[in-house]
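Observations on the three-dimensional arrangement
The lines below spell out each chain.
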Amino acid sequence: MQGFVVPPGGGKRIVTGAQDVTFKVTGVHSMAASSFEVVVPPGFDVGAHVHARSEELFYVLEGELEVLAFEPVVRGGDGWSEWEGESGQRVCRAGPGSVMFVPPGCPHAFANRGDVVARMFFQSSPPSHHERYFEELLEILEAPGGVDRAAVAELRLRHDIEQLTPLRFEA
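Described below are features of the structure shown in this document. Residue numbers restart at each chain and count upward from 1, following the sequence in its written direction. Only residues with pLDDT of 70 or above have their local features reported here, since the model is predicted, and side-chain atom pairs are shown and tallied only from 80 upward, although totals for entire chains, interfaces and linings are computed over all residues. Where side-chain values are given, they derive from all heavy atoms of the structure, hydrogens and water being excluded.

Turning to unusual backbone geometry, a few remarks are in order. With an omega of 0°, the peptide bond between Ser125 and Pro126 qualifies as cis. Runs of H or I in DSSP of at least four residues are treated as helices and runs of E of at least two as strands, each being numbered from the N terminus. Mapping Pro126 onto the fold places it in the loop between β10 (118-125) and α1 (129-142). Located in the positive-phi region is Asp160, a residue other than glycine, with phi close to 60°. For Asp160, the position within the fold is in the loop between α2 (149-158) and β11 (162-163).

Right, let's talk about the packing of α1 against α2 for a bit. For every element, the axis is a line fit to its C-alpha atoms; helices are fit only across the contacting stretch, and the angle between N-to-C directions ranges from 0 to 180 degrees. Remark: α1 packs on α2, axes separated minimally by 10 Å, with the N-to-C direction vectors making an angle of 175°. In this view, α1 runs roughly antiparallel relative to α2, as classed from their interaxial angle. Between α1 and α2, the contacting residues are Tyr133, Glu136, Leu137 and Ile140 on the first element and Ala151, Val152, Leu155, Arg156 and Arg158 on the second. Residue composition of the contact of α1 with α2, grouped by class: 6 nonpolar, no polar and 3 charged. An angle below 35 degrees is treated as roughly parallel, one above 145 as roughly antiparallel, one from 65 to 115 as roughly perpendicular, and anything else as oblique. Contact definition: two residues touch when any of their heavy atoms are within 4.5 Å. Here the term charged refers only to Asp, Glu, Lys and Arg, the term nonpolar to Ala, Val, Leu, Ile, Met, Phe, Trp, Tyr, Cys and Pro, and the term polar to all other amino acids, Gly among them.

Given the number of residues in a helix, its expected span is that number minus one, multiplied by 1.5 Å. Given a rise of 1.5 Å per residue, 14 residues ought to cover 20 Å, and the 20 Å separating the end C-alpha atoms of α1 matches this to within 8%. Those residues of α1 not exposed but buried are His130, Glu131, Tyr133, Phe134, Leu137, Leu138, Ile140 and Leu141. Elements in contact with the buried residues of α1: β1 (12-15), β2 (20-25), β3 (34-40), β5 (55-62), β10 and α2. Working definition: with a 1.4 Å probe on protein chains only, accessible area under 20% of the residue-type maximum means buried, over 50% means exposed, and in between means partly exposed.

Our focus in this paragraph is the pairing of strand β9 (residues 108-111). Here β9 shows a buried face lined by His108 and Phe110 and a second buried face lined by Ala109 and Ala111. By the bridge criterion, 4 bridges tie strand β6 (residues 65-69) to β9 in an arrangement that is antiparallel. Within β9, the residue paired with Leu68 across the bridge is Ala109. One requirement defines pairing of two strands: DSSP has to find at least two bridges between them.

Once that is clear, we can look at the sheet that holds β10. Strand pairing in a sheet relies on backbone hydrogen bonds, with the paired strands running either antiparallel or parallel. Here we have 6 strands laid out as an open sheet, ordered β1-β2-β3-β10-β5-β8, and antiparallel in their pairing. Edge positions in the open sheet fall to β1 and β8 (99-102), since each of these has one partner strand only. Recorded for the sheet is a direction-independent mean angle of 20° between the axes of neighbouring strands. As judged from the 5 bridges shared by β2 and β3, these two strands associate in the antiparallel manner. Residue pairing for β3: Val25 is matched across the bridge by Ser35.

Basic side-chain nitrogens of Lys or Arg form a salt bridge, by our definition, when they fall within 4 Å of a carboxyl oxygen of Asp or Glu. One pass over the full model with this rule turns up 16 salt bridges. Close ionic contact of Arg93 with Glu64 constitutes a salt bridge, the shortest N to O distance being 3.0 Å. Of this pair, Arg93 sits in strand β7 (residues 92-94) while Glu64 sits in the loop between β5 and β6, placing them 29 residues apart in sequence. When salt bridges that share partners are traced, they join Lys24, Glu37, Glu62 and Arg119 into one network.

Structural data, given as structure tokens:
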């Protein structure tokens, strides 16, 4: 087996009005994790969600994101930005160099509430689940006639994503 280098701008890129995702290392290459570069536009909110089997790592490269990675006292409501954990954890702003680690079963979310794009490096383990998820999600988001919320909900359930608050983006 050989290693490889992915140059800047390299990898399989999928772009919509909602997100810009570049696959850097996939399940074809790694038994441990899939790796992506994600450009998060202003107004994008992935919504709070939880994975039963996957763990994730987010590293902010540029811009700022509002992030959450804890179990709230109460799961629910229309948004997650005011959630609080039992030991006082709160949603925080993550700038360049910030890392968010999310173990299986931990509610998490990110949103770009600013007016400039943010860019992050994202890893998901085990590999391949998020690769297929991103491909299918971006197809739904690009479809004419607006976002089919039922299709997004079904997709998320198939890919180990329990959605706790809505996915939102400004087109």
